[in-house]
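Summary of structural features
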Amino acid sequence: MELRAEEVLNLAARVLSEERFKHTLGVADCAEEMARHHGLDPLKARCAGLAHDLAKEIPIKDQLSLARRWDLLHYPEDEQYPAVLHGPLAAYWLEHYYKVDDSEVLAAIASHTLGRPGMSPLEMLIYSADLTEPRRDFPEVDILRQSLYDDLGKGTLDCVERTLRYLRQRNKPIHPLTQLTYEDLQRRQNVGTGSKNA
Ligand code: DGI
Ligand code: FE
Ligand code: FE
């Protein structure tokens, strides 16, 4: 089944707190606009944006047991920092219980927190919109917005770099997927610009 924007909007309004719902609308608007600008499917972007945090407010203990039951734990860090599980959980739930079969949208929801090597443009879009939606106001956010407008791949690389910096500053351990995503985007950027280091 296709994920319909109206349905997922209602779902988000039902399961999310007011604050999280506002963030969700911000991500959906931002993703839709970026999709139009970069020639991607705006409706898929909107749906993925609306769905990305659907599992965020499930109590962490329950997120962990669902992830265990659904076989979504792949790294020791997944259990150590269960705040990274809500994307894969939402995607799994939509696929298996809501019968969503749009694998592009499901992947974008699943990878929105950590990314993954080989991200599609839609995955980059949701990862980056999550960080740069209008309600985000950290100091370098406007630079990231401009970078994403100019070049989705480079902009996403800058977003992951900012995430790495943020985690290091707060002495939070880097999840292996965040590091792998960063290295992959860097490599793709170098290939794109014909750098000898590629
Ligand atoms: O769900 P949002 O708050 O909108 O944003 P998000 O899905 O990017 O989740 C942010 C959370 O994920 C935040 O608690 C930090 C955590 N996170 C993201 N990447 C990493 C990480 N935590 C660790 N330890 N390592 C990571 O690489
Ligand atoms: Fe999230
Ligand atoms: Fe989010």
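To be clear, the structure that these remarks concern was listed above.
Read on for a plain summary of the structure.

**Overview of the coordination of the iron ion (ligand 2)**
At this site the iron ion (ligand 2) is bound by Asp-53 (OD), His-86 (NE2) and His-112 (NE2), with donor distances of 2.1 to 2.2 Å. Spacing between the donor residues of the iron ion (ligand 2) along the chain follows D-x32-H-x25-H. Distance-wise, the iron ion (ligand 3) is placed 3.5 Å from the iron ion (ligand 2), both being coordinated by Asp-53. Here His-86 is found in helix α6 (residues 86-96), whereas its partner His-112 is found in the loop between α7 (103-110) and α8 (121-132), with 26 residues between them in sequence. Residue His-86 is classed as buried on the basis of its relative accessible area, which comes to 3%.

**Quick word on α7**
Of the positions making up α7, those classed as buried are Val-105, Leu-106, Ala-108 and Ile-109. When α7 is viewed along its axis, its buried side chains cluster within an angular range of 160 degrees and face the same direction. Residues of α7 that are buried sit in contact with α3 (42-51), α6 and α8. Two to three positions downstream of the cap, the backbone nitrogen of Glu-104 sits 3.1 Å from a side-chain oxygen, assigning the N-cap of α7 to Asp-102.

**Some remarks on the site of ligand 1**
Close to ligand 1 lie 18 residues, the nearest being Lys-56, Thr-113, Pro-173, His-175 and Thr-178. His-86 places a polar side-chain atom, nitrogen or oxygen, 3.0 Å from an oxygen atom of ligand 1. For ligand 1, whose accessible area on its own is 570 Å², the fraction buried by protein is 83%. Assessed atom by atom at 2 Å from the grid points, ligand 1 resides in the largest pocket. Considering only residue class, the shell around ligand 1 consists of seven nonpolar, six polar and five charged.

**Some points on the layout of surface pockets**
By volume, the largest pocket amounts to about 760 Å³. Going through the elements one at a time, α2 (18-38), α8 and α10 (152-169) are the ones with two or more residues in the lining of the largest pocket. Residue composition of the lining of the largest pocket, by class: ten nonpolar, seven polar and seven charged. Counted as a void, the second largest pocket has a volume near 360 Å³. Elements that contribute at least two residues to the lining of the second largest pocket include exactly α6 and α7. The element best represented in the lining of the second largest pocket is α6, accounting for four residues. Residues belonging to the lining of the second largest pocket are distributed by class as follows: twelve nonpolar, five polar and four charged.

**Notes on the coordination of the iron ion (ligand 3)**
Around the iron ion (ligand 3), the protein supplies His-23 (NE2), His-52 (NE2), Asp-53 (OD) and Asp-130 (OD) as donor atoms, at distances of 2.2 Å. Overall, the relative accessible area of 12% leaves Asp-130 in the buried class.

**Re the packing of α3 against α8**
The contact between α3 and α8 brings their axes to 10 Å, and the two run at 45 degrees. Here α8 runs oblique to α3, going by the angle between their axes. In the crossing of α3 with α8, the sense of the turn from one axis to the other is right-handed. Side by side, α3 and α8 meet where Lys-44, Ala-45, Ala-48 and Gly-49 of the first sit next to Leu-122, Leu-125 and Ile-126 of the second. Split into classes, the residues belonging to the contact of α3 with α8 amount to five nonpolar, one polar and one charged.

About the thresholds
Residues numbered from 1 in each chain as written. Chains lettered and ligands numbered in written order. Predicted model: local features only at pLDDT ≥ 70, side-chain atom pairs only at ≥ 80, totals over all residues. Heavy atoms only, no water. Donors = N, O, S within 2.8 Å, 3.2 Å for Na, K, Ca; no water. Helix = DSSP H or I, 4+ residues; strand = E, 2+ residues; numbered from the N terminus. Buried < 20%, exposed > 50% of the residue type's maximum accessible area, 1.4 Å probe, protein only. Arc of directions from axis to C-beta. Contact = heavy atoms within 4.5 Å. Polar contact = N/O pair within 3.5 Å; in protein donor to acceptor, adjacent residues only side chain to side chain. Near = heavy atom within 4 Å. Areas by Shrake-Rupley, 256 points an atom, 1.4 Å probe, with all protein chains shown as cover. 1 Å grid on protein atoms, 1.4 Å probe; cavity = no way out; pocket = protein on both sides within 12 Å on 5 of 7 lines; lining within 4 Å. Sits in = over half its atoms within 2 Å of the grid points. Nonpolar A, V, L, I, M, F, W, Y, C, P; charged D, E, K, R; others polar. Points joined across faces, edges and corners; volume = space filled by probe spheres on them. Axes fitted to C-alpha atoms, helices over the stretch in contact; angles between N-to-C directions. Parallel < 35°, antiparallel > 145°, perpendicular 65-115°, else oblique. Left-handed = near helix turned anticlockwise from the far one by under 90°.

Purely spatial values, then, with no claim about function.
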